[in-house]
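Here is how the chains run, residue by residue.
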Amino acid sequence: MLLEFIAIIAAGFGLAGIALTLNIALRRRLPPWIVPAAAGAGMLLMAIWLEYSWFERTASTFPDGVEIASTHQARSWYRPWTYVVPLTNRLIAVDRRFDRRHAHAPGQVLTRVLLAGRWEPTRQFGVVYDCNAHRRADLLDGVEFAADGTLPNARWIQLEADDRVLRTACAR
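Computed from a predicted structure; not experimentally measured.

Student: When you look at the overall build of the chain in this model, what are you seeing that I'm missing?
Tutor: Per the secondary structure count, the chain includes three helices and six strands. Each helix (α) and strand (β) of the chain, taken in turn from the N terminus, gives the series α-α-β-β-β-β-β-β-α. Over its C-alpha trace the chain gives a radius of gyration of 24 Å, far above what one expects of a compact globule, namely 16 Å for 172 residues. Taking the principal axes of the C-alpha coordinates as reference, the chain spans close to 85 × 25 × 25 Å. Counting across all 172 residues of the chain, residues that qualify as buried make up 35%. A fraction of 46% describes how many contacts in the chain between residues 6 or more apart in sequence connect residues 24 or more apart. Put simply, the chain shows about 11,000 Å² of open surface, and 61% of that area lies on carbon and sulfur atoms. Here the chain holds 20 positive side-chain charges and 16 negative ones, and the gap between their average locations is 12 Å.

In structure tokens:
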């Protein structure tokens, strides 16, 4: 967040410097408000670019085997440009590198889920998806595996059959 703040300030100074240089080159023929307006425009444009590029910058840091299953797009009144192009500010990804299946429970897959959001730390946790029954169990404290691959003390959450994260986890 600090680096983005510094980038926004630098963009303001940069565009103000260009406007000032242009004004000097034109022998001060531009209106006096052009330099502060350029600074504000540079800061605003940099902030917008940083917000819209967050998803691509975050997704590009994921290693091979991590698939983005779902994104959340937001619109807000204090960002009127988001009504034209919605802003992606959260994502759910499935880390396929950690997929495990048990021979006695072929319809279930153990995987890792990543939650990332703008201005939030990335969280990850283990999940067992039951692909046949369309449900999931988060691997939190106290959840144990039985010898036959079942989760006797898990809290199962029923999902829709077309849930995007479920479909991504069960794709193989």
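Student: Help me understand the state of the cysteines, please; the structure alone is not making it clear to me.
Tutor: One way to say it: the disulfide is the covalent bond shared by the sulfur atoms of two cysteines. Applying the stated criterion across every chain yields a total of one disulfide. The partner cysteine of C131 in its disulfide is C170, sulfur to sulfur 1.9 Å. Its torsion about the S-S bond being -90°, the disulfide of C131 and C170 is classed as left-handed. Placement of the pair is C131 in the loop between strand 4 (123–130) and strand 5 (135–138) and C170 in the segment after helix 3 (164–169), with a sequence separation of 39 residues. Judged on exposure class, the residue C131 and its partner C170 are both buried.

Student: What is the right way to look at the pairing of strand 3 (residues 105–117) in this model?
Tutor: Remark: a regular strand shows side chains that alternate across the two faces of the sheet. Pairing geometry for strand 2 (residues 87–102) and strand 3, over eight bridges, is antiparallel. Among the inter-strand pairings, L91 is bridged to a residue of strand 3, identified as A116. Between strand 2 and strand 3, which pair antiparallel and follow one another directly, the connecting turn spans two residues. Taking the residues between adjacent antiparallel strands as the criterion, strand 3 and strand 4 are bridged by five residues, where W119 takes a positive phi near 65°.

Student: Help me understand helix 2 (residues 34–59) in this model?
Tutor: Along an α-helix, residues three or four positions apart point the same way, because every turn accommodates 3.6 residues. If you check helix 2, its first and last C-alpha atoms are 38 Å apart, about what 26 residues at 1.5 Å a residue would give, namely 38 Å. Considering bend angle alone, the principal kink of helix 2 is centred on S53 and spans about 45°. Those residues of helix 2 that fall on the buried side of the exposure criterion are A38, A39, G42, I48, L50, E51, S53, W54, F55 and T58. On its buried side, helix 2 packs onto helix 1 (2–25), strand 1 (66–74), strand 2 and strand 3.

Conventions and cut-offs
- Residues numbered from 1 in each chain as written.
- Predicted model: local features only at pLDDT ≥ 70, side-chain atom pairs only at ≥ 80, totals over all residues.
- Heavy atoms only, no water.
- Helix = DSSP H or I, 4+ residues; strand = E, 2+ residues; numbered from the N terminus.
- Rg over C-alpha atoms; globule rule 2.2 N^0.38 Å.
- Buried < 20%, exposed > 50% of the residue type's maximum accessible area, 1.4 Å probe, protein only.
- Contact = heavy atoms within 4.5 Å.
- Areas by Shrake-Rupley, 256 points an atom, 1.4 Å probe, with all protein chains shown as cover.
- Lys, Arg positive; Asp, Glu negative; His and termini not counted.
- Charge placed at Lys NZ, Arg CZ, Asp CG, Glu CD.
- Disulfide = S-S within 2.5 Å.
- Pairing = 2+ DSSP bridges.
- Expected span 1.5 Å × (residues − 1).
- Bend = angle between axes of the 7 residues up to and from the residue.

Just geometry here; none of it tells us what the structure is for.
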